[in-house]
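Per-entry structural report
Each chain, written out:
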Amino acid sequence: MSTEDKGIYGILIEFEEPERLVEGCRQVRDRGFEKWDAFSPFPIHGMDRAMGIRETRLPLLIFAGGLAGLATALLMQWWMNAIDYPFLISGKPLFGLPANIPITFELTVLFAALTTVIGMWWRNGMPCLYHPVFKSEHFRRVTADRFFIVLEASDKKFELQGTQEFAESLGGIHVEQLEE
Amino acid sequence: MIGTLQTTAIDPLDNTAEDPTRTTPLVLGGLNLTTLTDKVCEIAERPRPSRAWYLAFAAACSLTVVMFAMIGYLIVTGIGVWGLNNPVGWGWAIVNFVFWVGIGHAGTLISAILFLLRQKWRTSINRFAEAMTIFAVICAGIFPAIHVGRIWVVYWLFPVPNYQSMWPNFRSPLLWDVFAVGTYATVSLLFWYTGMVPDLATLRDRARTKGRAIFYGVLALGWRGSHRHWHRYEKAYLILAALATPLVVSVHSVVSFDFAVAQIPGWHTTIFPPYFVAGAIFSGFAMVGTLLVPVRKWFGLQKLITLHHLENINKIILATGSIVGFAYATEFFIAWYSANDAEAFAFINRSFGPYAWAYWIMVTCNVIAPQFFWFKRIRTSTAFMWIIYIFVNIGMWFERFIITVSSLSRDFLPANWDYFSPTAVDVLTFVGSFGLFFMLVLIFIRYFPMVAMAEVKTVMPLAHVSGESKPIGDYHGDIPEERDSDEVQR
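In this text the structure is predicted, and so the values were computed from the model without any measurement. (Residues numbered from 1 in each chain as written. Chains lettered and ligands numbered in written order. Predicted model: local features only at pLDDT ≥ 70, side-chain atom pairs only at ≥ 80, totals over all residues.)

1. Structural notes on the overall build of chain A
Under the convention used in this document: In this text, helices come from DSSP runs of H or I with a minimum length of four residues, and strands from runs of E with a minimum of two, each type numbered from the N-terminal end. When we talk radius of gyration, it's over C-alpha atoms, and the globule rule is simply 2.2 Å times the number of residues to the 0.38. Neighbour density around each residue's C-beta defines its exposure: 20 or more other C-beta atoms within 10 Å make it buried, 12 or fewer make it exposed, and counts between make it partly exposed, where C-beta atoms are placed from the backbone. Once C-beta atoms are placed from the backbone, any two residues with those atoms within 7 Å are in contact.
Along the backbone of chain A there are five helices and four strands. Along its sequence from the N terminus, chain A presents helices and strands in the succession β-α-β-α-α-α-β-α-β. For chain A, whose C-alpha radius of gyration is 25 Å, the value lies well above the compact-globule estimate of 16 Å for 180 residues. A principal-axis box enclosing the C-alpha atoms of chain A has dimensions of 80 × 35 × 30 Å. The buried share of chain A, taken over its 180 residues, is 43%. Intrachain contacts of chain A at a sequence separation of at least 6 include 80% that bridge at least 24 residues.

Below you can see the structure in the form of structure tokens.
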């Protein structure tokens, strides 16, 4: 980033059709940009490869969350009914696995589901109520019927003049500079 | 003339033809991304709802007030205000609980199981069904909470330290129920909200007033449709569906344990978990249909919630209704085949004893009514299907009434026998719970995106970036990815 780019967050390119967006993404990827993003009203298949996005490791986190739920449930039931206040009912064992399975199952699912949702929003950096792209009047249609690419000024490859020309060559219907 | 194909007039909104050589469009009437967004958002953006909405809302609020008044009366007086008597210690509170929880099964079935099975038609109806699920579970949750009698110590249900230094008994099905319903409510809410965030962002971006921009802006969490976000979002949604799928099956199984683990004849049967789950899906889909048929008409959503969608719902009702009917027959067979006198008596008493009237209402509504869906003309007529949904709703309430009350009222000792009659408080509390349900549904219709727009967009033909050849069947986004030279960069 050179000094003249100060105050610029990036360059926004607007597309009318998903095909153009995917094609534009391939070009940006092959040009070697790292700090950029594509936006659309719905997930488009094949975009992960077109953008070169690495597979998320969220499932590992969720697995850990599920295990935590499992352990919590088993320890809680064992400690509360067999240790802290031994609860003898109909001469049945104080801690028997079959009778404790339903709650173990429920808490495993509950913890895993909470990890999924909280983990996903956390890794996506949300809630994030302010973002430079929201300054663009055009960008309001990203949640309806328009597709966008944003090339960020913080990328090593970014230099205002050349990137602006590259952006205009991508086949979008509108190009605009976003303020920080 | 030989070789002339039969031609019929084609209704542009009828996409129920079952021609396996052609694709079935799920979005009709030439809607594109722009008009679809307008169509769905307009409903939540009207400056004022219609007069009918106000009237319905006023009626629903009044009934809600009646319910809370009855609950207040119950709390200050005691559960003697209900029609409970000595053998029948579980009355309408439990019946209503099981009824509402059962209805709450459709939403998560549609959102989770149909998602994993790649039933793309779910996208137009899943948001509405999920909302209905949450409202039904809210109604369900009220009844076990108030039926404990001393509601001020209801926290004893949860493992929180209390002055007696005692913990709940984790080996009791009643406690399993607390965890099962609690988990189900939480996961359904997470599923619903997570799915709704992109659509809330749409309403935020279209907001014309500051108040709406802030309201939807906060709820949308700053969603901006980034593909790096969509990537994790889709993964999370898939995993959430996989987690919710066993939940759908487990919740009503656990509810059935409340009965099946007890030793009362008529309750103590191993068929209960699958039979309850089938019944829950049956009743849930009937309630989804009961609400969707009028809603799609009033709000002009016929191009999105098409006849094809309703027909699919009806096929599920036919399948699960037949399972329920088969389960009734199996119960009778086992009662005879087990050669257990108490068991045989319980079932003869059910169909020919003092509650025979309720039993035959149940059989008519649950076994006979759904069989009409074998006929395509009935399956695709909104008037007919709506009548059948109402029958199913009634029948499934009576099923729970029969199970709960007929077994209890004739237990082992004839000296204990008694007949259960509800009081006005029982009736008004139940009717009032419909008020609460409809009040929540009306608020949802007024302020939230009723159709999952972002998801419907993925099943529209224009969303297929690589699609020259459309596969046969419903439109969907699972065309094998084009073989290009893309390598994932790491």
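Picking up after the structure, the text goes on.
2. A word on the packing of helix H3 (residues 92–103) of chain B against helix H5 (residues 126–147) of chain B
All names here are of chain B. Using the following cut-off: Inter-axis angles, ranging from 0 to 180 degrees, are taken between N-to-C directions of lines fitted to C-alpha atoms, where helices are fitted over the stretch in contact. Throughout this description, any angle smaller than 35 degrees is read as roughly parallel, any larger than 145 degrees as roughly antiparallel, any in the 65 to 115 degree range as roughly perpendicular, and the remainder as oblique. A crossing counts as left-handed when the near helix is turned anticlockwise from the far one by less than a right angle, and as right-handed when that turn is clockwise. Ten residues, namely Ala, Val, Leu, Ile, Met, Phe, Trp, Tyr, Cys and Pro, are considered nonpolar, four, namely Asp, Glu, Lys and Arg, are considered charged, and the remaining ones, Gly among them, are considered polar.
For the pair H3 and H5, interaxial distance at closest approach is 8 Å and the crossing angle is 160°. In this view, H3 runs roughly antiparallel relative to H5, as classed from their interaxial angle. In terms of crossing hand, the pair formed by H3 and H5 is left-handed. Along the contact surface, H3 presents Ala93, Ile94, Asn96, Phe97, Trp100, Val101 and Ile103, while H5 presents Ala136, Val137, Cys139, Ala140, Phe143, Pro144, Ile146 and His147. For the contact of H3 with H5, a count of residues per class yields 13 nonpolar, two polar and no charged.

3. Focus on the interface of chain A and chain B
Taken together, the contact pairs 63 residues of chain A with 57 residues of chain B. Contributing elements (two or more residues each) for the side of chain A that touches chain B: helix H1 (18–30), strand S2 (36–39), helix H2 (47–51), helix H3 (58–84) and helix H4 (97–123) of chain A. The leading source of residues in the side of chain A that touches chain B is H4 of chain A, at 16 residues. Of the residues that constitute the side of chain A that touches chain B, the class distribution is 39 nonpolar, twelve polar and twelve charged.

4. Quick notes on the sheet that holds strand S1 (residues 8–15) of chain A
Note: strands within a sheet are paired through backbone hydrogen bonds, in either parallel or antiparallel orientation. All names here are of chain A. Stated formally: Strand pairing follows a simple DSSP-based rule, namely that at least 2 bridges must link the two strands.
Taken together, four strands build an open sheet; the order of strands is S2-S3-S1-S4 and the sheet is antiparallel. What marks the edges here is a single partner per strand, and that holds for S2 and strand S4 (174–179). Averaged over all pairs of adjacent strands, the angle between strand axes in this sheet comes to 20°, irrespective of strand direction. The pairing of S1 with strand S3 (residues 147–152) spans six bridges and is antiparallel. Bridge assignment links Gly10 to a residue of S3, and that residue is Glu152.

5. Remarks on the domain arrangement of chain A
Note the threshold: Segment limits for the domains were obtained from an automatic or database-derived domain assignment.
By the assigned domains, chain A splits into domain 1 (3–55 + 132–179) and domain 2 (58–123). Centre-to-centre, using C-alpha coordinates, domain 1 of chain A lies 45 Å away from domain 2 of chain A.

6. Quick notes on helix H8 (residues 227–260) of chain B
For the α-helix, the turn length of 3.6 residues means that residues three or four positions removed from each other point alike. Here is the rule: To estimate the expected span of a helix, subtract one from its residue number and multiply by 1.5 Å.
Taking 1.5 Å of rise per residue, the 34 residues of H8 of chain B would be expected to cover 50 Å, and the 49 Å separating its terminal C-alpha atoms lies within 8% of that figure. Burial of H8 of chain B is extensive: 27 of the 34 residues sit out of reach of the surface.

7. Overview of the nonpolar core
This is how it is decided: Nonpolar cores are built from buried Ala, Val, Leu, Ile, Met, Phe, Trp, Tyr and Cys residues. These are joined into a set through C-beta atoms within 7 Å.
Phe148 and Ile149 of chain A together with Ala106, Met132 and Val187 of chain B are the most contacted members of the largest nonpolar core, which has 181 residues in total. Ranked by residues supplied to this core, first place goes to H8 of chain B with 16 residues. A domain-level breakdown of this core finds at least three residues from each of domain 1 (3–55 + 132–179) and domain 2 (58–123) of chain A. If we ignore the near neighbours within four places in the chain, the residues touching Phe148 of chain A are Leu12, Ile13, Glu14, Phe15, Ala38, Phe39, Phe139 and Val142 of chain A.

8. Some thoughts on unusual backbone geometry
Along the chain, Met126 of chain A connects to Pro127 of chain A via a cis peptide bond; the corresponding omega equals 0°. Relative to the elements of secondary structure, Pro127 of chain A occurs in the loop between H4 and S3. One non-glycine residue, Ser165 of chain B, adopts positive backbone phi at about 55°. What makes Ser165 of chain B exposed here is the crowd of 8 C-beta atoms within 10 Å. Positive phi outside glycine occurs at Leu221 of chain B, with the angle close to 60°. According to the C-beta neighbour criterion, Leu221 of chain B is partly exposed, with 18 such atoms within 10 Å.

9. Things to note about helix H2 (residues 51–77) of chain B
Residues and elements named next belong to chain B. A rise of 1.5 Å per residue sets the reference length of H2, with its 27 residues, at 39 Å; its end C-alpha atoms lie 39 Å apart and thus fit the reference within 8%. Three or more residues of H2 are buried, namely Ala60, Leu63, Met67, Met70 and Leu74. Each element contacted by the buried residues of H2 is listed here: H5 and helix H15 (424–447). Of the residues trailing H2, Gly78 is marked for its positive phi of about 125°.

10. Re the pairing of S2 of chain A
All names here are of chain A. The side-chain alternation of S2 yields two buried faces, one formed by Trp36 and Ala38 and the other by Asp37 and Phe39. Two strands pair when backbone bridges link them, and S2 and S3 are joined in this way by four bridges, in the antiparallel orientation. Residue pairing for S3: Asp37 is matched across the bridge by Val150.

11. Overview of the environment of Leu175 of chain B
Residues and elements named next belong to chain B. By the secondary structure assignment, Leu175 is in helix H6 (residues 173–206). Along the sequence, Leu175 and Arg208 sit 33 residues apart, while their C-alpha atoms lie 48 Å from each other. Aside from chain neighbours lying at most four places away, what touches Leu175 is Pro168, Asn169 and Phe170.

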